[in-house]
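Descriptive structure summary
Given next are the chains, with one letter for each unit.
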Amino acid sequence: MLLVKLLSLTRRMKPTMKKTVLLISHLGSDSGILKEILSKNPRIQFNEENLIYNHPDVFEKFVSHKLNESSIWMDELLYNFSITNKVIYDYCKFIYLIREPKPVLNNLITKYNASSIIRYYCYRLRRIYEMASKTPNSMLLIWEDIYTGRCFPILEKFLDLIEPLNNLIYPDLKINPYVTTNMVEICQKA
């Protein structure tokens, strides 16, 4: 009887979850720019509640503020603790965005100490790799894909968007003198 109820619950939840997409990235990746580009599309609504995905029921709260039936609900996750239950992998699509270490370190060096940044970046990339290997119907992007806009047609198809995505104007990257070659090399090994 319990198995029948569980199957019934799963059948009810999965159709709703098909329009849920998690943007998985790391601090310093400028994933906020991709979030801004996607947010301009009328079909996409981002969650702003800092949810921890520890159970599929979390999605019920996430999608309760829908715009319309064709809406796509998205959330941006930057930390390993944001998804603690691997069952979540079955309930949504994933977009992974990573960026090379040098600009990441340049973005973060004034806010955090160097060893914390390196540790975070390396562990986060390992977790992203682990998640990506278990979610085959996902998309992996690098920052240059966003900057050049070359990923937009593929992203539009992946999300079934009607309106095209438009690129933004990006600020010039400022080189920070505190970022050393050694720091970049450690992160590149990740």
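Refer to the structure printed above.
Residues numbered from 1 in each chain as written. Predicted model: local features only at pLDDT ≥ 70, side-chain atom pairs only at ≥ 80, totals over all residues. Heavy atoms only, no water.

Among the residues of helix α8 (residues 181–189), M183, V184 and C187 are the ones counted as buried. Each buried residue of α8 lies within a common arc of 95° when the element is viewed along its axis, so the set occupies one face. Seen from the buried face of α8, the exposed residues on the opposite side, beyond 90 degrees, are T181 and K189. The inward-facing, buried residues of α8 contact α4 (101–108) and α5 (114–134). (Buried < 20%, exposed > 50% of the residue type's maximum accessible area, 1.4 Å probe, protein only. Helix = DSSP H or I, 4+ residues; strand = E, 2+ residues; numbered from the N terminus. Arc of directions from axis to C-beta. Contact = heavy atoms within 4.5 Å.)

Below, the discussion takes up the pairing of strand β1 (residues 20–24). By the criterion of burial, β1 is predominantly enclosed, with 5 of the 5 residues buried. The alternating pattern of β1 places T20, L22 and I24 and V21 and L23 on opposite faces, both of which are buried. Relative to strand β3 (residues 72–77), β1 runs parallel, the two sharing 5 bridges. Its bridge partner being in β3, T20 is matched across the sheet by W73. As defined by bridge partners, β1 adjoins strand β4 (residues 93–98) across 4 bridges and the pair is classed as parallel. Residue pairing in the sheet places L22 in a bridge with F94 of β4. (Pairing = 2+ DSSP bridges.)

As a further point, take unusual backbone geometry. At D30, a residue that is not glycine, the phi angle is positive and equals roughly 65°. Within the secondary structure, D30 sits in the loop between β1 and α2 (31–39). Since its relative accessible area comes to 31%, D30 is described here as partly exposed. Not every positive phi belongs to a glycine, and D160 is a case in point at roughly 55°. By the secondary structure assignment, D160 is in the loop between α7 (152–158) and α8.

One can describe the packing of α4 onto α5 by two numbers: an axis separation of 11 Å at closest approach and a directional angle of 135°. Here α4 lies oblique to α5, going by the angle between them. In this structure, α4 crosses over α5, and the sense of that crossing is right-handed. Facing P101, V104, L105 and L108 of α4, the residues of α5 in contact are I117, I118 and Y121. Residues of the contact of α4 with α5, tallied by class, amount to 7 nonpolar, no polar and no charged. (Axes fitted to C-alpha atoms, helices over the stretch in contact; angles between N-to-C directions. Parallel < 35°, antiparallel > 145°, perpendicular 65-115°, else oblique. Left-handed = near helix turned anticlockwise from the far one by under 90°. Nonpolar A, V, L, I, M, F, W, Y, C, P; charged D, E, K, R; others polar.)

On to the nonpolar core, then. Of all hydrophobic cores here, the largest spans 31 residues; its most connected members are L22, I24, Y53, I83 and F94. Counting residues per element, the ones that place at least two in this core are β1, α3 (58–62), β4, α4, α5 and α8. Per-element accounting of this core gives the leading share, 8 residues, to α5. (Core = buried A, V, L, I, M, F, W, Y, C linked by side-chain atoms within 4.5 Å.)

A cluster of nonpolar side chains, I52, Y79, F81 and Y112, forms an exposed patch at the surface whose accessible area comes to about 380 Å². When you line up the elements, Y79 lands in the loop between β3 and β4. (Patch = residues over 30% accessible without salt bridge, like charges linked within 9 Å, V, L, I, M, F, W, Y side chains within 5 Å. Areas by Shrake-Rupley, 256 points an atom, 1.4 Å probe, with all protein chains shown as cover. Salt bridge = Lys/Arg side-chain N within 4 Å of Asp/Glu carboxyl O.)

Before going further, it helps to examine the sheet that holds β4. If you walk across this open sheet you meet the 5 strands as β2-β3-β1-β4-β5, and the pairing is parallel. Where the open sheet ends on each side, the last strands, each with one partner, are β2 (44–46) and β5 (139–142). Strand after strand, the sheet turns through a mean of 25° between neighbouring axes, direction not considered. Sitting on the sheet, α2 is in contact with β1, β2, β3, β4 and β5, with an inclination near 135° to β2.

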